[in-house]
Amino acid sequence: MVGRREENQVPENPNMSKDKTSFFQDVLDVARLIPVGRVTSYGAIATYLGAARSARMVGWAMNSSFTSVPPVPAHRVVNRNGDLSGRLQFETPTKMQELLEAEGVVIKNDWVVDFAKVFWNPTNELNIVD
DNA sequence: CCCATGACTTGAA
DNA sequence: TTTCAAGCCATGG
């Protein structure tokens, strides 16, 4: 092989037929489905998309969420511990917490207190239509 | 092209 | 319980 995937660049897909780039899009899509006052984890989204070991890409996709339209509620995505690991990526380190609290989610020390309660699992909530 | 890093997760010790 | 190592794949130097 000459290179890894130099040609995997997809400038713009007029026809969303390519599933290759859908991962990023799907991540953003699922994130938009998170109900208000609920949160989910990177791994949950990754697992839902069939890439349980690619949780990191989910986080990377969220980074792209800031410039994506419609806007993605990235503040509703935390790590498996319920920690606001991505708070530093927001406008201000406290923005993420403020957004969550505004939705009724109790945050304490950069941690979702009722994580087990407000946790929203796409694989469980979103039924896969057969 | 090679190397390092990252909004993570899992499994083994 | 905590800690360490490996896997994931895109992006940047």
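Since we're looking at a predicted model, the values are computed, not measured.

Caption draft 1: Spatial organisation of the packing of helix α1 (residues 22-32) against helix α3 (residues 55-65). One can describe the packing of α1 onto α3 by two numbers: an axis separation of 9 Å at closest approach and a directional angle of 75 degrees. In terms of axis orientation, α1 runs roughly perpendicular to α3. On the side of α1, the interface is formed by Phe23, Phe24, Val27, Leu28 and Ala31, while α3 contributes Met57, Val58, Trp60, Ala61, Met62, Ser64 and Ser65. Looking at the contact of α1 with α3 residue by residue, the class counts come to 10 nonpolar, two polar and no charged.

Caption draft 2: Examining the nonpolar core more closely. Membership of the largest hydrophobic core comes to 28 residues, with the highest contact counts inside it found for Val27, Val58, Met62, Leu84, Leu100 and Val112. Looking at this core, the elements that each hand over two or more residues are α1, α2 (42-48), α3, β2 (77-78), α4 (95-102) and α5 (115-118). Broken down by element, the residue count for this core peaks at five residues, all from α1.

Caption draft 3: α1, seen in detail. Buried residues of α1: Phe23, Val27, Leu28, Val30 and Ala31, and no others. One side of α1 holds all its buried residues, which, seen down the axis, span an arc of 165 degrees. Here the buried face of α1 lies against α2, α3 and α6 (122-125).

What counts, and where the lines are drawn
- Residues numbered from 1 in each chain as written.
- Chains lettered and ligands numbered in written order.
- Predicted model: local features only at pLDDT ≥ 70, side-chain atom pairs only at ≥ 80, totals over all residues.
- Heavy atoms only, no water.
- Axes fitted to C-alpha atoms, helices over the stretch in contact; angles between N-to-C directions.
- Helix = DSSP H or I, 4+ residues; strand = E, 2+ residues; numbered from the N terminus.
- Parallel < 35°, antiparallel > 145°, perpendicular 65-115°, else oblique.
- Contact = heavy atoms within 4.5 Å.
- Nonpolar A, V, L, I, M, F, W, Y, C, P; charged D, E, K, R; others polar.
- Core = buried A, V, L, I, M, F, W, Y, C linked by side-chain atoms within 4.5 Å.
- Buried < 20%, exposed > 50% of the residue type's maximum accessible area, 1.4 Å probe, protein only.
- Arc of directions from axis to C-beta.

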